[in-house]
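# Coordinate inspection notes
Residue-level listing of the chains:
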Amino acid sequence: MRDVAIIGVKNTNFGEMWDRSFRDIVVEAGVGAIEDSGISGEKLDGMYVGNMSGGQFVEQEHIGALIADYSGLSLDLHIPSTRVEAACASGGLAFRQAVMAVASGHEDLVMAAGVEKMTDVSSTAASAALAAAADREWEGIMGATFPGLYAMIAKMHMHQYGTTSEQLAAVAVKNHQNGSMNPIAQYKNRITIDNVLNSIMVADPLHIFDCSPITDGASALVLAPADIAHEYTDTPIYVKATAQASDTIALHDRRDITTLDASVSAGKRAYEMAKMTPADIDLVEVHDCFTIAEICAIEDLGFVKKGLGGKMTEDGETAIGGKIPVNTSGGLKSCGHPVGATGIKQLVEVTQQLRGDSGPRQVDGAEVGMTHNVGGSGATAVVNILSRKR
Amino acid sequence: MSVARFWRKQINRYNIVGTHCKTCDTHYYPPRNVCPKCRRDGDIEAYKFAGPGNVVTYTIIHTAAEGFEMQAPYALAIIELDEGPRFTSQVVCDPKEVSIGMRVKPVFRKLGESGDKGMIYYGTKYVPDNDRN
């Protein structure tokens, strides 16, 4: 297998973009990543696009072809383009497919992108589309919602470990603090613990400010074999590991309600692949679709003992400047969560951090970063490790 | 959910019928045709569950799923049947009464409907088993 490097990245702005279409935003991200890499589009050997549900959000399937076409890579060039889906982990999967294509030697210059356009439908329709990431026949039919499933994880975490609503809220407060320094973030406002606790209850114990929003956005990056990465950029960021794991589709079938075994398994595989431990990681972008999800993630990835994620957050150890900065982008909570794009956005954020390009939210001396992307309530997890050093 | 899709699992939803693997003596509800522990060595048969169980975890849903607006707030829970398997259902009572570990028993209830003229879905919800709490 060949070593692989990221040579170009781009996030669009994240938010409610009434004036822009699905194809507009993903083309902006793709063109931006190509520009950042210094390659020319016709040099691409392939594209992998993460998208959860074009079918439900914009009544569009055949996403791969659409994007290649509107990027100017179909007519004459006929560059292969593949859509990849694993609910909210679609972006992470697209990256992994792209890395494997380059590592295997089958393709050289490859784009990995992610996109979701969620605000063209009502929020009720968007929620129904997202619910399809859970078990439609045995969870959805009983009235389960996504906040409801994560609320059941939160309730159990509180019961077993004494985690508090204030500790959940501390995740949102910290992520808004980080997001306030990210120019692409959907919500750049800072919030307080009281703001979270006084916001409306969605699914007890999760308030609306414990939940990530509905977002439009796209992200893209360009990969190259590590041996030629320096031909394109002075700061290639190397892919040290890309790992994926599966678990039961329904929350009720999990071994342990408060552990995402897919996260644990993908994390272990990634650490093994990179020959690293949690102590080697300087920052991590985790999948905080709900505040409890960030607490479970930092536990499942080995940054803190099971049950102590809430306390670690409350103590400020996951803030920029803390022991392990978590979600410097603002995370899904503040930066926004265009579901198919999120996995790629996390990689763009970590790449920019490792390049030293993150401005006021820069983690000093960041050398190694991790991303963690989850599909559904934990049925798919993707964990990647990036490094400045090969 | 389409008529056929609901109808296929009607007996399972109405009667709490799942499956049982004779090889490893594990019970499954919702039903599985392949035992995840034994896979091809498994020997699956239909199994009717007794019904009662415990609340493993729960939430009170205030922002309802589409079609459940009239029910909000409602208690969604993961129930562990006495034979072992866990599944998702609602606990029908004052949501404030629900707690982790409480004993519950099944009741036959309407789950939802496909609009004014569509089919009505029925299935199993749970109520507190006050004799045993």
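What counts, and at which threshold
Residues numbered from 1 in each chain as written. Chains lettered and ligands numbered in written order. Predicted model: local features only at pLDDT ≥ 70, side-chain atom pairs only at ≥ 80, totals over all residues. Helix = DSSP H or I, 4+ residues; strand = E, 2+ residues; numbered from the N terminus. Rg over C-alpha atoms; globule rule 2.2 N^0.38 Å. Buried ≥ 20, exposed ≤ 12 C-beta atoms within 10 Å, placed from the backbone. Contact = placed C-beta atoms within 7 Å. Pairing = 2+ DSSP bridges. Nonpolar A, V, L, I, M, F, W, Y, C, P; charged D, E, K, R; others polar. Axes fitted to C-alpha atoms, helices over the stretch in contact; angles between N-to-C directions. Core = buried A, V, L, I, M, F, W, Y, C linked by C-beta atoms within 7 Å. Domains from an automatic or database assignment.

## Side note on the overall build of chain A
Of regular secondary structure, chain A possesses 13 helices and 11 strands. Here chain A has a C-alpha radius of gyration of 19 Å; the compact-globule value for 390 residues is 21 Å, and the two agree. For chain A, the C-alpha atoms occupy an extent of roughly 60 × 45 × 40 Å along the three principal directions. The buried share of chain A, reckoned over its 390 residues, is 64%. When contacts within chain A are restricted to residue pairs at least 6 apart in sequence, those whose partners lie at least 24 apart make up 77%.

## Topic: the overall build of chain B
When its secondary structure is counted, chain B shows 2 helices and 8 strands. Element order for chain B, N to C, with α for helix and β for strand: α-α-β-β-β-β-β-β-β-β. If one aligns the C-alpha atoms of chain B with their principal axes, the spans along those axes are about 45 × 40 × 25 Å. Taking all contacts inside chain B whose residues are at least 6 apart in sequence as the whole, residues at least 24 apart take part in 48%.

## Quick notes on the pairing of strand β2 (residues 46-50) of chain A
In the case of a regular strand, side chains alternate between the two sheet surfaces. All names here are of chain A. Burial analysis of β2 places 5 of its 5 residues in the buried class, which makes it a mostly covered element. Of the two faces of β2, the one holding G46, Y48 and G50 and the one holding M47 and V49 are both buried throughout. Where β2 lies against strand β4 (residues 110-117), 5 bridges are found, and the strand directions are parallel. Across the sheet, residue G46 finds its bridge partner in β4, namely V110. Summarising the sheet, β2 and strand β3 (residues 81-84) pair through 4 bridges and their orientation is parallel. Residue pairing across strands places V49 opposite R83, the latter belonging to β3.

## Description of the pairing of strand β10 (residues 368-375) of chain A
All names here are of chain A. The element β10 is extensively covered by neighbouring structure, given that 8 of its 8 residues are classed as buried. Residues V368, M370, H372 and V374 point to one face of β10 and G369, T371, N373 and G375 to the other, with burial holding for every one of them. Sheet topology note: the strand β9 (residues 283-285)/β10 ladder contains 3 bridges and is parallel. Within β10, the position partnered with L283 by the bridge is G369. The sheet contact formed by β10 and strand β11 (residues 380-387) spans 8 bridges and is antiparallel. By the bridge assignment, V368 is partnered in β11 with S387.

## Looking at helix α3 (residues 63-70) of chain A
Helical periodicity: at 3.6 residues per turn, an α-helix aligns residues three or four positions apart in one direction. All names here are of chain A. Buried within α3 are the following residues: I63, L66, I67 and A68. Packed against the buried residues of α3 are α1 (22-37), β2, α2 (54-57) and β3. G72 sits one or two positions beyond α3 and adopts a positive phi of about 75°.

## A word on the interface of chain A and chain B
Residue-level contacts link 28 residues of chain A with 27 residues of chain B. Counting only elements with at least two residues in the side of chain A that touches chain B, the list comes to α5 (123-131), α6 (146-161) and β5 (201-203) of chain A. Classifying every residue of the side of chain A that touches chain B by side-chain character gives 16 nonpolar, 7 polar and 5 charged.

## Focus: the sheet that holds β10 of chain A
Residue and element names in this part refer to chain A. A sheet is described by the order of its strands in space; here 9 strands give the open sequence β3-β2-β4-β7-β1-β8-β11-β10-β9, paired in mixed fashion. Only two strands of the sheet have a single partner each, and these edge strands are β3 and β9. The mean angle between the axes of side-by-side strands here comes to 25°, regardless of whether they run parallel or antiparallel. Along the sheet, helix α4 (residues 90-103) contacts β1 (4-11), β2, β3, β4, β7 (216-225), β8 (237-246), β10 and β11; its crossing angle with β4, the most-contacted strand, is approximately 170°. With respect to the sheet, helix α9 (residues 261-274) is in contact with β8, β10 and β11, its orientation differing from that of β8 by roughly 145°.

## Quick notes on the sheet that holds strand β1 (residues 17-21) of chain B
Residues and elements named next belong to chain B. The strand order across the open sheet built from 3 strands is β2-β1-β3, with neighbouring strands paired in antiparallel fashion. The open sheet has two free edges, formed respectively by β2 (26-28) and β3 (44-48), since each of these has just one partner strand. Recorded for the sheet is a direction-independent mean angle of 35° between the axes of neighbouring strands. Alignment of β1 against β2, held across 3 bridges, turns out to be antiparallel.

## Here's the deal with the environment of M276 of chain A
Mapped onto the elements, M276 of chain A comes out in the loop between α9 and β9. Setting aside residues up to four positions removed in sequence, M276 of chain A forms contacts with Y271, V368 and I385 of chain A.

## With respect to the nonpolar core
Residue and element names in this part refer to chain A. By size, the foremost hydrophobic cluster in this structure holds 166 residues, and its most contacted members are A112, A113, L221 and L223. With 9 residues, the top contributor of residues to this core is α6. Viewed by domain, this core spans two of them, domain 1 (4-123 + 215-236) and domain 2 (133-213 + 238-387), each represented by three or more residues. Here L223 is in contact with V4, A5, I6, A98, V99, V102, V110 and A112, once residues within four sequence places are set aside.

## Description of the domain arrangement of chain A
It is common to give the size of an interface as the accessible area lost on bringing the parts into contact. Residue and element names in this part refer to chain A. Each assigned domain of chain A is listed with its residue range as follows: domain 1 (4-123 + 215-236) and domain 2 (133-213 + 238-387). Contacts between the two partners involve 40 residues from domain 1 and, on the opposite side, 35 residues from domain 2. Among the elements of the structure, β1, α4, β4 and β7 are those that each provide at least two residues to the side of domain 1 that touches domain 2. With 8 residues, α4 is the single largest residue contributor to the side of domain 1 that touches domain 2. The residue inventory of the side of domain 1 that touches domain 2, partitioned by class, reads 23 nonpolar, 13 polar and 4 charged.

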